[in-house]
Amino acid sequence: MAGTEDAYTAEPFVPKRGGLPALRRAAADCRGCPLHRDATRTVFGAGRATARLMLVGEQPGDQEDRQGEPFVGPAGKLLDRALAEAGIDPADTYVTNAVKHFKFTRAEPGKRRIHKAPTLRETTACGPWLAAELARVRPELIVLLGATAGKALLGSSFRVTQVRGTVLEEEIHGRPRRLVPTVHPSAVLRAEDRDGAYRGLLADLDVAARALG
């Protein structure tokens, strides 16, 4: 599949058959866009195939890239805490990202890697993986963590600040879906008023918990 990264689509790499383990194995070799070149590895989704709730973030961070699992860094720990406080068992969720490779820049050679937001083109290229995860897991509810996740599933006009904490009903990939948008937990960690930002995230997750019933 030489040259496929220039096409900016993961479609040729996504298996038509098999469950999440087959998807994960195939994603390890994805060359659907140039982001794979600098990342350590593909970071695929994790969690139960029968999960009622799917959480979608932006992309793996530094710790996720090193460990190969999503949401294992500081933002993931904060998310687990908020889920537990909202009465949602983190073990009964499926967590993934709109983009499966860590995109970063360095201030200087050898210095720490600084997160860089993926472009819409890169998010779109990775879209077939997210579509395949949705088709396998078939969650009752999707929590969108931040703007990139929202744009990946709802289009470039999505604005998280306009719809956060509400239950949206949209058709995605030909199926009706219920979604609750909120901020990405990393935004809470960066906020000047971290306590207030955390309460806002928790309030949105409370909405998700009630929607699940």
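By the naming in an unreviewed UniProt entry, the chain is Type-4 uracil-DNA glycosylase, taken from Streptomyces ambofaciens. Within the UniProt record for the chain, the comment given under Sequence similarities (unreviewed entry) is "Belongs to the uracil-DNA glycosylase (UDG) superfamily. Type 4 (UDGa) family."

Sorry if this is basic, but what is going on with the nonpolar core here?
In this structure, L23, Y94, W129, I142, L144, L153 and L179 are the most contacted members of the largest nonpolar core, which totals 28 residues. If you list the elements that add at least two residues to this core, you get α1 (20-27), β2 (53-57), α4 (120-137), β6 (141-145), α5 (147-154) and β7 (168-172). Element by element, the count of residues in this core is highest for α4, at six residues. Apart from residues no more than four positions distant in its own chain, L153 is found in contact with L130, L134, I142, L144, I172, H173 and L179. Counting 25 residues, the second largest nonpolar core, distinct from the first, contains L78, V95, Y198 and L201.

Just checking my understanding: could you explain the side chain of H36 for this structure?
By the secondary structure assignment, H36 is in the loop between α1 and β1 (46-47). For H36, a relative accessible area of 17% gives the class buried. Within the structure, H36 has its side chain in polar contact with the side chain of E5 (distance 2.6 Å). Contacts of H36, omitting those with residues within four sequence positions, involve E5, C30, R31 and H101.

Explain the packing of aromatic side chains here, please?
One pair of aromatic rings is described through two measures. These are the centre distance and the angle between the planes. According to the stated counting rule, one finds two aromatic pairs in the structure shown. A ring pair is formed by F44 and W129, whose centres lie 5.8 Å apart and whose planes are at 85°; its orientation type is edge-to-face. Of the two residues, F44 is situated in the loop between α1 and β1 and W129 in helix α4; the sequence distance between them amounts to 85 residues. In this arrangement the basic side chain of R81 is found over the ring face of Y198, its NZ or CZ atom lying 4.0 Å from the centre. Above the ring of F44, the side-chain terminus of K100 is found at 5.6 Å from the ring centroid.

About the thresholds
- Residues numbered from 1 in each chain as written.
- Predicted model: local features only at pLDDT ≥ 70, side-chain atom pairs only at ≥ 80, totals over all residues.
- Heavy atoms only, no water.
- UniProt positions renumbered as here; feature names shortened; annotations may be inferred.
- Core = buried A, V, L, I, M, F, W, Y, C linked by side-chain atoms within 4.5 Å.
- Buried < 20%, exposed > 50% of the residue type's maximum accessible area, 1.4 Å probe, protein only.
- Helix = DSSP H or I, 4+ residues; strand = E, 2+ residues; numbered from the N terminus.
- Contact = heavy atoms within 4.5 Å.
- Polar contact = N/O pair within 3.5 Å; in protein donor to acceptor, adjacent residues only side chain to side chain.
- Phe/Tyr/Trp six-rings, centres within 6.5 Å; stacked < 30°, edge-to-face > 60°.
- Lys NZ or Arg CZ within 6 Å of the ring centre and 35° of its normal.

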